[in-house]
Amino acid sequence: MRRVIGIGETVLDIIFKGEKPLQAVPGGSAFNAIISLGRAGLPASFISETGNDRVGLWVKRFLRENGVDDKGVCVFPDSKSPISLAFLDESNNADYLFYKDHPHDQLDFVYPEVNESDVVVFGSFFAINPVVRPQVAGFLEYAHKHGAILYYDLNYRASHKSDLLRVTPNIIENLELADIVRGSNEDFEVMYRKNNADAVYRSEISFYTKKFIYTQGSRPIELRAEGGFAKQYEVPQLEQVVSTIGAGDNFNAGIVYGLFKNGIMREDIDHGLTERQWDALIDCGMRFSGNVCQSLSNYISEDFGQQMKVLMSEN
């Protein structure tokens with residue numbers, strides 16, 4: 001049976017509107033995606049680290065409660081769980097502050113079993129952090145050699161702008177390993193001062209990998225792939241947006257769900273996807289993203305997850 005493996009940071013997201021805290025939920029980019037995929041019924045596991053505290057216990061319990069294997073989540077003595085403060089503006093888009101107090105960032109995990117056409121989701125600063133890079137890169141290379149599909153979300157925050165030069169080699173290694181790459185217009189403005197999908201694809205992506213998804217909030221999604229394939233997708237406008245915090249993460253989850261639902265295997269990725277396959281993947285991404293924007297949660301609702309389970313079982 002195919003499975004999905006996420007690797008990334010865990011944090012406690014405390015969400016504010018103005019100066020009033022509204023909710024606190026476990027989070028992290030790949031974490032949010034893997035929780036949604038667990039809710040949608042996909043066999044899932046997660047690799048990360050968390051603090052030896054109440055938050056860390058909460059994170060591990062939350063993974064298990066949502067059907068995700070937590071055996072790859074490391075807990076070290078005397079470590080504290082990272083905290084993220086998310087401040088929603090008048091449009092319910094978020095600005096972030098991050099607090100982290102780990103005495104030693106490190107990963108100490110046994111590689112999970114990886115088989116042909118399993119999917120690995122990775123990204124954000126965790127995937128390029130020099131401190132844990134040897135372990136992350138080792139696992140990504142292992143997964144690639146075993147035939148997994150690697151999905152990379154750059155998710156590069158402005159708070160790491162000054163780190164860009166020293167982590168660029170790690171970004172390039174990730175791009176070379178990735179089968180599908182997603183980035184937002186905000187990522188590329190921070191990284192390369194570019195805000196055009198074609199310019200980003202030609203100068204920064206296509207040399208390393210050909211399958212590229214460029215998102216820009218509520219504006220159209222741009223897709224670029226091998227053979228000069230290019231397509232634009234209009235993003236459905238939602239009647240009410242409660243929070244956009246998990247929008248990108250759950251777009252990623254939707255794409256991965258679509259790979260499973262549509263039976264897209266590593267062989268299909270290598271040969272190049274058809275327009276119909278891309279349409280199905282992008283549609284799943286938008287559906288997952290749209291659902292999460294309608295609540296303060298970082299993941300799809302449990303009801304929506306049940307609907308996705310039913311759709312998957314009908315294949």
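Residues numbered from 1 in each chain as written. Predicted model: local features only at pLDDT ≥ 70, side-chain atom pairs only at ≥ 80, totals over all residues. Heavy atoms only, no water.

1. Overview of the overall build of the chain
Stated precisely, the cut-off is as follows: Helix and strand labels come from DSSP, where a helix needs a run of H or I of at least four residues and a strand needs a run of E of at least two; each type is numbered from the N terminus. We compute the radius of gyration over the C-alpha atoms and compare it with the globule rule, which gives 2.2 Å times the number of residues raised to the power 0.38. For the exposure calls, accessible area comes from a 1.4 Å probe over protein chains only, and a residue counts as buried if that area is under 20% of its type's maximum, exposed if over 50%, partly exposed in between. Every residue pair with non-hydrogen atoms within 4.5 Å of one another is taken to be in contact. Residue exposure ignores everything except the shown protein chains as possible cover, and the areas themselves are Shrake-Rupley values with a 1.4 Å probe. Lys and Arg are tallied as positive, Asp and Glu as negative. Neither His nor the chain termini are counted. By convention, charge coordinates are those of NZ in Lys, CZ in Arg, CG in Asp, or CD in Glu.
A tally of regular secondary structure across the chain gives 10 helices and 13 strands. Against the globule reference of 20 Å for 315 residues, the chain gives a C-alpha radius of gyration of 18 Å, in line with a compact fold. Looking at the 315 residues of the chain, the share that counts as buried comes to 56%. For the chain, the share of sequence-separated contacts (at least 6 apart) that also reach a separation of at least 24 residues comes to 73%. Counting only carbon and sulfur atoms, one obtains 49% of the accessible surface of the chain, whose full area is about 14000 Å². Charged side chains of the chain number 31 positive and 43 negative; the gap between the two group centres comes to 0 Å.

2. Some thoughts on the nonpolar core
We count it as follows: Nonpolar cores are built from buried Ala, Val, Leu, Ile, Met, Phe, Trp, Tyr and Cys residues. Side-chain atoms within 4.5 Å join them into one set.
Ranked by internal contacts, the top residues of the largest apolar core, which has 56 residues, are Val4, Leu63 and Ile213. Take this core: its biggest share by element is seven residues, from helix 7 (residues 247-261). The next biggest cluster of nonpolar side chains, apart from the first, holds 40 residues, and it includes Cys74, Phe76, Leu107 and Phe122.

3. Observations concerning the packing of helix 9 (residues 275-292) against helix 10 (residues 302-313)
The criterion, for reference: To define axes, lines are fitted to C-alpha atoms, for helices over the stretch in contact only, and angles between the resulting N-to-C directions are given on a 0 to 180 degree scale. Just so you know how the angles are binned, under 35 degrees is roughly parallel, over 145 roughly antiparallel, 65 to 115 roughly perpendicular, and the rest oblique. In a left-handed crossing the near helix is turned counterclockwise from the far helix by less than a right angle, and in a right-handed crossing that turn is clockwise. Residue classes follow a fixed rule: Ala, Val, Leu, Ile, Met, Phe, Trp, Tyr, Cys and Pro count as nonpolar, while Asp, Glu, Lys and Arg count as charged, and any other residue, Gly among them, counts as polar.
Closest axis-to-axis distance for the helix 9/helix 10 pair is 11 Å, and the angle between their directions is 160°. Taken together, helix 9 and helix 10 sit at an angle that is classed as roughly antiparallel. Crossing geometry of helix 9 relative to helix 10 is assigned as right-handed. Residue-level contacts link Arg287, Phe288 and Asn291 of helix 9 to Phe304, Met308 and Leu311 of helix 10. Of the residues in the contact of helix 9 with helix 10, the class split is four nonpolar, one polar and one charged.

4. Considerations on the packing of aromatic side chains
To describe a pair of aromatic rings, one takes the distance between the centres and the angle between the planes. What counts, and what does not: A pair of aromatic rings is counted whenever rings of Phe, Tyr or Trp (Trp by its six-membered ring) have centres within 6.5 Å, and the orientation is called stacked for planes under 30 degrees apart, edge-to-face for over 60 and tilted otherwise.
One pass over the full model with this rule turns up 17 aromatic pairs. Seen from their ring centres, Tyr96 and Phe98 are 5.8 Å apart, and the 15° between their planes marks the pair as stacked. For Phe98, a relative accessible area of 43% gives the class partly exposed. Arranged with centres 5.3 Å apart and planes meeting at 45°, the rings of Tyr257 and Phe288 form a pair that is tilted. Here Tyr257 is found in helix 7, whereas its partner Phe288 is found in helix 9, with 31 residues between them in sequence. Taken individually, Tyr257 and Phe288 each receive the classification buried, so the pair is uniform in this respect.

5. Quick look at the sheet that holds strand 2 (residues 11-17)
Keep this limit in mind: By definition, two strands form a pair when at least two bridges between them are found by DSSP.
The four strands lie next to each other as 3-2-6-7, forming an open sheet whose pairing is mixed. Two strands lie at the open edges of the sheet, namely strand 3 (20-27) and strand 7 (94-99), each paired on one side alone. Strand after strand, the sheet turns through a mean of 20° between neighbouring axes, direction not considered. Strand direction decides the pairing type here: strand 2 and strand 6 (residues 83-88), joined by six bridges, are parallel. In the strand pairing of strand 6, Asp13 is matched with Ser84. Each of strand 2 and strand 3 touches helix 2 (residues 54-65); the most contacted strand, strand 3, lies at about 60° to it.

6. Regarding the sheet that holds strand 11 (residues 212-216)
Ordered in space as 5-4-1-8-9-10-11-12-13, the nine strands form an open sheet in which the pairing is mixed. A single partner strand is all that each edge strand has here, and the edge strands are strand 5 (68-75) and strand 13 (229-233). Across the sheet, the mean angle from the axis of one strand to that of its neighbour is 15°, orientation sign disregarded. Here three bridges tie strand 9 (residues 149-153) to strand 10 (residues 180-184), and the two strands are oriented parallel to one another. Across the sheet, Tyr151 pairs through a bridge with Ile180, a residue of strand 10.

7. A short note on the environment of Arg166
For Arg166, the location among the structural elements is in helix 4 (residues 164-177). Distance in space between the C-alpha atoms of Arg166 and Ile128 is 9.7 Å, their sequence separation being 38 residues. Contact partners of Arg166, with chain neighbours within four places excluded, come to Phe125 and Pro130.

8. Remarks on the pattern of salt bridges
This is how the line gets drawn: For this document, the term salt bridge refers to a Lys or Arg side-chain nitrogen within 4 Å of an Asp or Glu carboxyl oxygen.
Applying the stated criterion across every chain, the model contains 17 salt bridges. Two residues, Glu49 and Lys100, come together in a salt bridge whose shortest N-O distance is 4.0 Å. In this pair, Glu49 sits in strand 4 (residues 44-50) while Lys100 sits in the loop between strand 7 and strand 8 (119-123), placing the two residues 51 residues apart along the sequence. Note on Lys100: relative accessible area 47%, which makes it partly exposed. For Asp163, the salt bridge is made with Arg166, and the minimal N-O distance between the two is 3.2 Å. Classification of Asp163 as buried rests on a relative accessible area of 15%. Taken together, the shared-partner salt bridges in this structure form one network comprising Lys60, Arg64 and Asp70.

9. Remarks on the pairing of strand 5
Just so we agree on the cut-off: The handedness rule is simple: strands pointing away from the viewer, and a clockwise path from the first strand over the helix to the second, make the crossover right-handed.
In this structure, strand 4 lies alongside strand 5, joined through six bridges in parallel fashion. The residue bridging Thr50 from the neighbouring strand is Val75, located in strand 5. What joins strand 4 to strand 5 is helix 2, and the crossover it makes is right-handed.

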